[in-house]
Amino acid sequence: MKDDVAASFYPNMESFVDFSEELSRMGEGFHPVGFPTEAGNGSYWNADYFLVVSAQAEHRELIDAYLASLFGWQRQRELSHPVRNDILEKSIVYMDDYPTELPWKYSTGGGQYHGLRTKPDGSPWTEEYKDILDRAVSRPQNTYYIEDIILEEARTYLSGVKTAKQVAEIIQNRVQLYLNEQQ
């Protein structure tokens, strides 16, 4: 914190490839911190979608097999952001004989490889990504309204209409009012 100004960095967690791109663009010295919070950590895994099955549902064996397949090796391997760390680690490969400037690749199976941007030392951002995943908790509520407040007020700062301090106070007040109304 310098001169009452603070910065945080919330990285793109939609895919390991995008995460690596963002961190490489920012360079070392930036640490993903998630959303601002007064306790715990601000790392959230987007949990807007849920699959619920009644305990009394018919064809339980089919349902159980389907649920198991969602978290199985084959399905998770195809995802750009698996929830299993073992798959993340096994999907990162070094291909120095592959004709490209990005020898580290992320495989989504089926011969699909995506080039990974790396740290200045040439290593992938694997540990940083896993750290966020390991600390992440399900985002318990939709935060889009709060994000809209932040984006709306940030425009007034970026356009020079208000100072950073004024915008921070307005955001704090509007978000607090919104949270109070939700109780």
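Scoring rules and cut-offs
- Residues numbered from 1 in each chain as written.
- Predicted model: local features only at pLDDT ≥ 70, side-chain atom pairs only at ≥ 80, totals over all residues.
- Heavy atoms only, no water.
- Phe/Tyr/Trp six-rings, centres within 6.5 Å; stacked < 30°, edge-to-face > 60°.
- Helix = DSSP H or I, 4+ residues; strand = E, 2+ residues; numbered from the N terminus.
- Buried < 20%, exposed > 50% of the residue type's maximum accessible area, 1.4 Å probe, protein only.
- Salt bridge = Lys/Arg side-chain N within 4 Å of Asp/Glu carboxyl O.
- Axes fitted to C-alpha atoms, helices over the stretch in contact; angles between N-to-C directions.
- Parallel < 35°, antiparallel > 145°, perpendicular 65-115°, else oblique.
- Left-handed = near helix turned anticlockwise from the far one by under 90°.
- Contact = heavy atoms within 4.5 Å.
- Nonpolar A, V, L, I, M, F, W, Y, C, P; charged D, E, K, R; others polar.

A.B. asks: Pulling in residues and values, what's your account of the packing of aromatic side chains?
C.D. replies: One pass over the structure, following the stated rule, counts six aromatic pairs. Centre to centre, the rings of phenylalanine 19 and tyrosine 129 are 5.0 Å apart; their planes meet at 70 degrees, and the pair counts as edge-to-face. Taken as a pair, phenylalanine 19 in helix 1 (residues 16-26) and tyrosine 129 in helix 5 (residues 126-135) lie far apart in primary sequence, 110 residues in all. Under the relative-accessibility criterion, phenylalanine 19 is labelled buried at 0%. The class for tyrosine 129 is buried, based on a relative accessible area of 0%. Here tyrosine 94 and tryptophan 104 contribute two aromatic rings whose centre-to-centre distance is 5.1 Å and whose plane-to-plane angle is 70 degrees, an arrangement assigned as edge-to-face. Here the residue tyrosine 94 occupies a position in strand 2 (residues 92-94), and tryptophan 104 occupies one in strand 3 (residues 104-107), the gap between them amounting to 10 residues. Of the aromatic side chains, those joined through ring pairs into one cluster are Phe16, Phe19, Tyr106 and Tyr129.

A.B. asks: Go over the pattern of salt bridges with me, naming the residues and quoting the values.
C.D. replies: As enumerated under the stated definition, the model contains 12 salt bridges in all. Here lysine 130 makes a salt bridge to glutamate 89, at a shortest N to O gap of 2.2 Å. Taken together, the residues lysine 130 in helix 5 and glutamate 89 in helix 4 (residues 85-91) connect sequence positions 41 residues apart. Overall, lysine 130 belongs to the buried group, its relative accessible area being 10%. A salt bridge links glutamate 152 to arginine 174, with the shortest nitrogen-to-oxygen separation between them at 3.3 Å. In this pair, glutamate 152 sits in helix 6 (residues 144-158) while arginine 174 sits in helix 7 (residues 164-182), placing the two residues 22 residues apart along the sequence. Each of Glu21, Arg25, Glu101 and Arg117 takes part in salt bridges that share partners, so that together they form one network.

A.B. asks: Quick rundown of the packing of helix 6 against helix 7? Include the residues and the values.
C.D. replies: Running from N to C, helix 6 and helix 7 cross one another at 160 degrees; their axes reach a closest spacing of 9 Å. In this view, helix 6 runs roughly antiparallel relative to helix 7, as classed from their interaxial angle. The interaxial crossing formed by helix 6 with helix 7 has right-handed handedness. Contacts between helix 6 and helix 7 involve Tyr145, Ile146, Ile149, Ile150, Glu152, Glu153, Ala154, Thr156 and Tyr157 on the former and, on the latter, Ala164, Val167, Ile170, Ile171, Arg174, Val175, Tyr178 and Leu179. The class makeup of the residues in the contact of helix 6 with helix 7 is 13 nonpolar, one polar and three charged.

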